[in-house]
Amino acid sequence: MKEVYNRVLDDPQWLNWMGEIDEHARVATREEYLCDHGQGHAVAVAERAMDFMRQIGEGEEDVWLAGVAGLLHDVGNAVGRDHHEKESVRMLSEDDYSFLKNLGMNDERNIERLLHAIGGHSDARDILDVVDAALVLADKTDMRKGRMLVSEEEAKKFFADLDARGQEYNKWVKLFVLNLYKVEDVNVSVVSEGLIVRYDVDDDFSLEFLEAWPKAIRVPWAVADFVERYFQLIVDGEEIPRIKYKHLLFP
Ligand SMILES: [Fe+2]
Ligand SMILES: [Fe+2]
């Protein structure tokens, strides 16, 4: 599976998709395009997913399978943002999975696992496999200022322009995006009984980020549950008590 991973990185079709995603970002029409969904994000998610797999003690074949899932999860963004996870699956399934088979992925069970993880990466409602868990957790923890494609000033201007045009948007969207500029990094560590998500943030980071984007809680919570660990959230070195985010969990 490691060979498949390395072939993706050089694959002209994949690189082409990554280029198309960058193209959408250049004409940022919606807030998601303020942050990267292209090659940098794909590799970051792949590395995060593999790190998680190793931390929970999975074998190397599955580690690399999770890596491939990371590289491929967002290809649907080459078409558009809405339902892009389903679009990724459609693109990778075309012509009897020719893209995957050309990379040397011939094991049907692994193709099925890969596509299930990719199709479910937008939330954590359908985790059936460690690869599902690794991918969705990696994706939702790749939230950091280094992923932003524009400066904080440009992002503020993006929202100011929407305001000026009287275009409505949910206030939480702005809060979410602007807080990303205060996140240095998000790290996941798995210890014997716990899954710890650690946000390293700047002083002006607001915990309202969690209200603005409940997936920050829901996804690691569901993953922790799947791997039978308790979930612990640490922000700026301090553990956030469960009472502060319990209401954000799935009903
Ligand atoms: Fe995605
Ligand atoms: Fe993603």
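Residues numbered from 1 in each chain as written. Chains lettered and ligands numbered in written order. Predicted model: local features only at pLDDT ≥ 70, side-chain atom pairs only at ≥ 80, totals over all residues.

A. Looking closely at the overall build of the protein. Helices and strands together make up the secondary structure of the protein, namely 11 helices and 4 strands. Against the globule reference of 18 Å for 251 residues, the protein gives a C-alpha radius of gyration of 18 Å, in line with a compact fold. For the protein, the spread of C-alpha atoms along the three principal axes comes to 50 × 45 × 30 Å. A burial count over the protein gives 35% of its 251 residues as buried. Of the contacts formed within the protein by residues at least 6 apart in sequence, a portion of 67% connects residues at least 24 apart. (Helix = DSSP H or I, 4+ residues; strand = E, 2+ residues; numbered from the N terminus. Rg over C-alpha atoms; globule rule 2.2 N^0.38 Å. Buried ≥ 20, exposed ≤ 12 C-beta atoms within 10 Å, placed from the backbone. Contact = placed C-beta atoms within 7 Å.)

B. Layout of helix 9 (residues 171-180). Turning to helix 9, its buried residues number three or more, namely Phe-176, Val-177, Asn-179 and Leu-180. The buried residues of helix 9 occupy an angular sector of 165° when projected down its axis, which confines them to one face. Lining the buried residues of helix 9 we find helix 8 (152-164), strand 1 (183-190) and helix 10 (208-212). (Arc of directions from axis to C-beta.)

C. Quick peek at the sheet that holds strand 1. Read from one edge to the other, the open sheet built from 4 strands follows the order 1-2-3-4, with strand pairing classed as mixed. Sheet topology places strand 1 and strand 4 (238-239) at the edges, where each strand pairs with a single neighbour. By the bridge criterion, 6 bridges tie strand 2 (residues 194-201) to strand 3 (residues 230-235) in an arrangement that is parallel. Paired with Leu-195 across the bridge in strand 3 is Phe-231. (Pairing = 2+ DSSP bridges.)

D. Structural view of the domain arrangement of the protein. As far as domains go, the protein holds domain 1 (2-141) and domain 2 (157-248). Relative to domain 2, the C-alpha centre of domain 1 lies at a distance of 22 Å. Contact with domain 1, which involves 15 residues of that partner, is made by 18 residues of domain 2. Elements with a minimum of two residues in the side of domain 1 that touches domain 2: helix 3 (39-55) and helix 7 (130-141). (Domains from an automatic or database assignment.)

E. Examining the pairing of strand 1 more closely. Pairing analysis gives 7 bridges linking strand 1 to strand 2, with the strands arranged antiparallel. From the neighbouring strand, Ser-189 faces strand 2, where its bridge partner is Ile-196. Between strand 1 and strand 2, which pair antiparallel and follow one another directly, the connecting turn spans 3 residues.

F. Up close: the nonpolar core. Counting residues in each nonpolar core, the largest one holds 63 residues, and the members touching the most others are Ala-49, Ala-66, Val-68, Ala-69, Ala-134, Leu-135 and Val-223. Two domains share this core, each providing at least three of its residues, namely domain 1 (2-141) and domain 2 (157-248). Setting aside residues no more than four positions away along its own chain, Ala-134 makes contact with Ala-49, Phe-52, Met-53 and Ala-66. (Core = buried A, V, L, I, M, F, W, Y, C linked by C-beta atoms within 7 Å.)

G. Local environment of the packing of helix 3 against helix 7. Two elements in contact, helix 3 and helix 7, have axes whose closest approach is 8 Å; the angle formed by their N-to-C orientations is 130°. Classified by the angle between their axes, helix 3 and helix 7 sit oblique to one another. Pair helix 3 / helix 7 crosses with right-handed handedness. Taking contact as the criterion, the partners of Val-45, Arg-48, Ala-49, Phe-52 and Met-53 in helix 3 are, on helix 7, Val-130, Ala-134, Leu-135, Leu-137, Ala-138, Asp-139 and Thr-141. (Axes fitted to C-alpha atoms, helices over the stretch in contact; angles between N-to-C directions. Parallel < 35°, antiparallel > 145°, perpendicular 65-115°, else oblique. Left-handed = near helix turned anticlockwise from the far one by under 90°.)

H. Here's a closer look at helix 3. The terminal C-alpha atoms of helix 3, which comprises 17 residues, lie 24 Å apart, in line with the 24 Å expected from a rise of 1.5 Å per residue. Of the residues making up helix 3, those classed as buried are His-41, Ala-42, Val-45, Ala-46, Arg-48, Ala-49, Met-50, Phe-52 and Met-53. (Expected span 1.5 Å × (residues − 1).)

I. Structural detail: the environment of Asp-200. By the secondary structure assignment, Asp-200 is in strand 2. Along the chain, Asp-200 and Asp-142 lie 58 residues apart, while their C-alpha atoms are 12 Å from each other. When neighbours within four sequence positions are excluded, Asp-200 is seen to be in contact with Glu-184 and Asp-185.

J. Structural detail: the environment of Gln-232. Following the sequence through the fold, Gln-232 ends up in strand 3. Note on Gln-232: 18 C-beta atoms within 10 Å, which makes it partly exposed. Separated by 211 residues in the primary sequence, Gln-232 and Ile-21 have C-alpha atoms spaced 34 Å apart. For Gln-232, the contacting residues outside a window of four places in its chain are Gly-194, Ile-196 and Glu-239.

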